[in-house]
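Listed below, chain by chain, are the residues.
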Amino acid sequence: PVLVVDFGAQYAQLIARRVREANVYSEIVPHTATVADLLAKDPAAIILSGGPSSVYATGAPFVDPALFEAGVPVLGICYGFQAMAQALGGTVAQTGQREYGGTAVQVTDAGTVLAGSPDAQTVWMSHGDAVHAAPEGFEVLATSAGSPVAAFEDRERRLFGVQWHPEVKHSPLGQKALENFLYEGAGLAPDWNPGNVIAEQVERIRAQVGDARVICGLSGGVDSSVAAALVQRAVGDQLTCVFVDHGLLRSGEAEQVEKDFVASTGVRLKVVDARDRFLRALAGHTDPETKRKIIGREFIRVFEDAAREVVAEAGEHGDEVKFLVQGTLYPDVVESGGGEGAANIKSHHNVGGLPDDLQFALVEPLRTLFKDEVRAVGLELGVPEVIVWRQPFPGPGLGIRIIGEVTAERLDVLRAADAIAREELTKAGLDRDIWQCPVVLLADVRSVGVQGDGRTYGHPVVLRPVSSEDAMTADWTRLPYDVLATISTRITNEVPEVNRVVLDVTSKPPGTIEWE
Ligand code: XMP
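Residues numbered from 1 in each chain as written. Predicted model: local features only at pLDDT ≥ 70, side-chain atom pairs only at ≥ 80, totals over all residues.

Looking at an unreviewed UniProt entry, the protein chain carries the name GMP synthase [glutamine-hydrolyzing], with the source organism given as Cellulomonas biazotea. Heading Subunit (unreviewed entry) of the UniProt record for the protein chain holds this comment: "Homodimer." The UniProt entry for the protein chain carries the following text under Function (unreviewed entry): "Catalyzes the synthesis of GMP from XMP." (UniProt positions renumbered as here; feature names shortened; annotations may be inferred.)

Here it is as C-alpha cells:
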C-alpha cells in the first residue's frame, strides 16, 4: 500500500481518499510508527501529511532521517514537507508571514510532481513556518511570497515535497500533483478500485470463517447491508441476518429489508417483531438520554435472544455459530486508533454497536473502506440503490424524534408526516443534496389552528433538513420554498393531528442534527 503518515491534523483521511481516487490503495498510519513499522508494511510509497504543529514546537513529531534511506518514494505535504526538509538538513524558519487559504505560487521548474502545471497557479496553503533552503541534492520547484521553497524534489532518491495541500479541492491542480507523484515519482500503476475488495474479502472471509455459522445484525442501513451482502457472497447460507423491528422505523423500512434486500442477495433473514416490547419499555419516559439508553438496552437483549435462537436452530452444529458481522468502516478504525475520547454529547446507539461480551469473533469486511467506497461495493454486489444511497437514520429511530413520551399513536402520526416529507424530497430530486431531513414531532406542544370553519388544537412538526460532510458539523439546507410549501400543505392536510409545520434553521453547532 501507499502509507499516509498522520501528523495529527484532519488531512490524512483526505489524502488517503485522494490516493484511492487515483486508483492506488492507501492506508493511514500514526506518526508514532517507527521506520521499521512502516517498512514492515512493505510500502509502495509514503506520504507525510500536514499537521497542526510547527517543527519547532516542543514535542513536535519529527521524521527519522532513516526513512529517506530506505529507497521508498516519499512525498511530504505541508508539515510533512517541513519535517522532511529539516530531517535532511535543509532550513526551516519562521518567516512572520503566515500563508493561509488560496495562495499564488510560481513554478520555476516543473520537475516530476508539477509536470503539466502552468508557471503560475493557485494552491491552498496553511502554514506559519517555511522552508528557506532545500536540503542538499534537491531542486527547488516553486516559490511563493511566504515560502522561499514551496516545493522541491530529489529525483534520484525519489523524494518530493510541497508546502501546500494538494488533497483539498481548493488546490485545483492538487489531484494532478498527487497522481504525478504516484504514477511518475513512485512508478505505481492505477489498478486498484473498490470492486477489487470484493474478491479479496470473499477469500479472506472464507479463510476466517471456514464452515462455521455467522450472524449479522441488519439495520437496513448501508453499512450493515453491504457487509451482509459481502459475507453472503463468501459463505452463502452459513449466514443468518437478524433484523430487529423495534417499531421505531419509518414507513416501509421493515418491508424494504424483508423484500428488496432478501430478493437481491438471497440472504437468510430472521425478522424479530419486538414492537410491543419497546413500547412497553419506553412507556412513561420523556428524558432523551433515558429513552436512548432504554432503546439501546432492549435492542441488545432482543438481539441476544435472537442470536441464541439462531444457535438453537443450528441444532447440533449450534456451537459452530462463532462469528458476528459488523459494518465497521475505515474512519471508525482510524478514529478509534487515535484513542482520544471525545466528549459524550449523546449516547449514540448504533445498531451495529453490540457489546463486546457477546461471545462471537467479529467479521468486519468493510474495515478498510470509506463510505463512498462501501456504496460502490454495494452497487457491484447488486444491493438495491434505495439501500445503497440511503441517508443516515439513527439506531433509536423515531424514538428520538418524538419530543415527549413515545406512544403507538404518536409514532403513527410521525410516520405519516415523515413519509410525506421524504416522498416530496425524493420527487424534487433532492435526496443526494441533503445529508438527511429528520421530521420531529413536538408531541407535548399544541397550537391553535383553523381548518375550514373549525378551530383545531394540534401538534407542530419540525422539518430539520441538513447538509453535512460527516455529521460532525452541519448547516441547515436552503430547500426551495415551493418544496417546503408542498410538504407543509400535504402534512397539514393529510395528517389530522398536525396543524403546523415549522422549519429548523439552526446549524450544528450549536444544535445537533437530531433533536434528542
Ligand atoms: P447528532 O444528532 O448527534 O447526529 O448531530 C449526527 C448523526 O448521527 C445520527 N445519529 C445516530 N446514529 N445511532 C446512530 O446510528 C444513534 O444513536 C444516533 N444519534 C444520532 C444522526 O441521524 C446524524 O446523522
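### Some words on the nonpolar core
Core analysis: the biggest nonpolar cluster contains 71 residues, and Val214, Cys216, Val226, Ala228, Val231, Val242 and Ala417 have the highest contact counts within it. Take this core: its biggest share by element is nine residues, from helix H6 (residues 222-235). Shared between two domains, this core takes at least three residues from each, and those domains are domain 2 (196-388) and domain 3 (402-503). The contact partners of valine 214, leaving out residues within four places of it in the chain, are Val209, Val231, Val235, Gln238, Leu239, Phe323, Val325 and Val363. Of all hydrophobic cores here, the second largest spans 59 residues; its members include Ala22, Val55, Leu159 and Trp164. (Core = buried A, V, L, I, M, F, W, Y, C linked by C-beta atoms within 7 Å. Buried ≥ 20, exposed ≤ 12 C-beta atoms within 10 Å, placed from the backbone. Helix = DSSP H or I, 4+ residues; strand = E, 2+ residues; numbered from the N terminus. Domains from an automatic or database assignment. Contact = placed C-beta atoms within 7 Å.)

### Topic: the UniProt feature "active site" (unreviewed entry) in the protein chain
UniProt's feature table lists "active site" (unreviewed entry) at Cys78, His165 and Glu167, given in the numbering used throughout. The annotated residues occupy 90 residues of the chain but converge on a single region, no pair of C-alpha atoms lying more than 10.9 Å apart. Mapped onto the elements, cysteine 78 comes out in the loop between strand S4 (74-77) and helix H3 (79-87). The residues contacting cysteine 78, other than those within four sequence positions of it, are Gly50, Ser126, His127, Gln163, Trp164 and His165. Positionally, glutamate 167 belongs in the loop between strand S9 (159-162) and helix H4 (174-185). Beyond its immediate chain neighbours, meaning those up to four positions away, glutamate 167 contacts Tyr11, Leu14, Ile15, Arg18, Gly174 and Leu178.

### Structural notes on the pairing of strand S1 (residues 2-6)
Taking burial as the measure, the five residues of S1 include five buried ones, the bulk of the element. Burial along S1 is two-sided: Val2, Val4 and Asp6 facing one way and Leu3 and Val5 facing the other are all buried. As paired strands, S1 and strand S3 (residues 45-48) are joined by four bridges and run parallel to one another. Within S3, the residue paired with valine 4 across the bridge is isoleucine 47. Across five bridges, S1 lies against strand S2 (residues 26-30) in parallel orientation. (Pairing = 2+ DSSP bridges.)

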